[in-house]
Amino acid sequence: MKIAQLVLLVVMVMVAGGCAKHTAGIAASSSGDIRVDNSTFGREVSVGELKMSSSGDLLKAHALIQSRVATDLRLQYRFTWYDTQGLVIDGEGQSWQSLKLHGMQQMQVSSAAPNPSASRVEVYVRKAFSN
């Protein structure tokens, strides 16, 4: 019985470790902070400073995603908007967007705030994996 429990524990740790590699990426916030959750991915991709502009009564965010490698990269990115209290605005409404960068290519991505209560934004970039 103990061997079965040990094997189950080892399998669970391997699965959890495998999942973590597929979700870790780079986050950039409008406050100027950049967080790299996966150093290997951070050497392949960079996210330029996240800039904001106004479009009527809504904010708009722009970020530059850059490839640092000579090969093609399949990525996903998502913007998350926050109100003045730091609460997520319409968290379910912002889905992951696909992006393919060729070697050393850079591309600007953007998003408009879902409503006028938005005060800051964060963009998260991760490697896309097909199952």
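Since this is a predicted model, take the numbers as computed values, not measurements. (Residues numbered from 1 in each chain as written. Predicted model: local features only at pLDDT ≥ 70, side-chain atom pairs only at ≥ 80, totals over all residues. Heavy atoms only, no water.)

Undergrad: What exactly am I supposed to notice about the side chain of Ser29 here?
TA: Locating Ser29 in the fold gives a position in strand β1 (residues 25-29). Here the side chain of Ser29 touches Ser31 through a polar contact of 2.8 Å, side chain to side chain. Setting aside chain neighbours within four positions, we find Ser29 in contact with Leu50, Val121 and Glu122. (Helix = DSSP H or I, 4+ residues; strand = E, 2+ residues; numbered from the N terminus. Polar contact = N/O pair within 3.5 Å; in protein donor to acceptor, adjacent residues only side chain to side chain. Contact = heavy atoms within 4.5 Å.)

Undergrad: Explanation requested: unusual backbone geometry in the structure shown.
TA: Leaving glycine out, the prevailing phi sign among residues is negative, and the prevailing peptide bond configuration is trans. Positive phi is not limited to glycine here, since Met104 has a value of about 65 degrees. Considering the arrangement of structural elements, one finds Met104 in the loop between β8 (97-101) and β9 (106-112). Residue Met104 is classed as exposed on the basis of its relative accessible area, which comes to 54%. (Buried < 20%, exposed > 50% of the residue type's maximum accessible area, 1.4 Å probe, protein only.)

Undergrad: Got a minute to help me understand the packing of aromatic side chains in this structure?
TA: To describe a pair of aromatic rings, you give the distance between the ring centres and the angle between the ring planes. Scanning all chains against the criterion turns up two aromatic pairs. Consider the rings of Trp96 and Tyr124, whose centres lie 6.0 Å apart with planes at 70 degrees: the pair is edge-to-face. Here Tyr124 lies in strand β10 (residues 120-127) and Trp96 lies in the loop between β7 (88-89) and β8, a separation of 28 residues in the sequence. Judged by relative accessible area, Trp96 falls into the partly exposed class, the value being 24%. Residue Tyr124 is classed as buried on the basis of its relative accessible area, which comes to 14%. The side chain of Arg120 reaches across the aromatic face of Tyr82, ending 4.1 Å from its centre. Its guanidinium or amino end placed over the ring of Trp96, Arg126 lies 3.7 Å from that ring's centre, counting from NZ or CZ. (Phe/Tyr/Trp six-rings, centres within 6.5 Å; stacked < 30°, edge-to-face > 60°. Lys NZ or Arg CZ within 6 Å of the ring centre and 35° of its normal.)

Remember that the coordinates give geometry; whether it matters functionally is a separate question.
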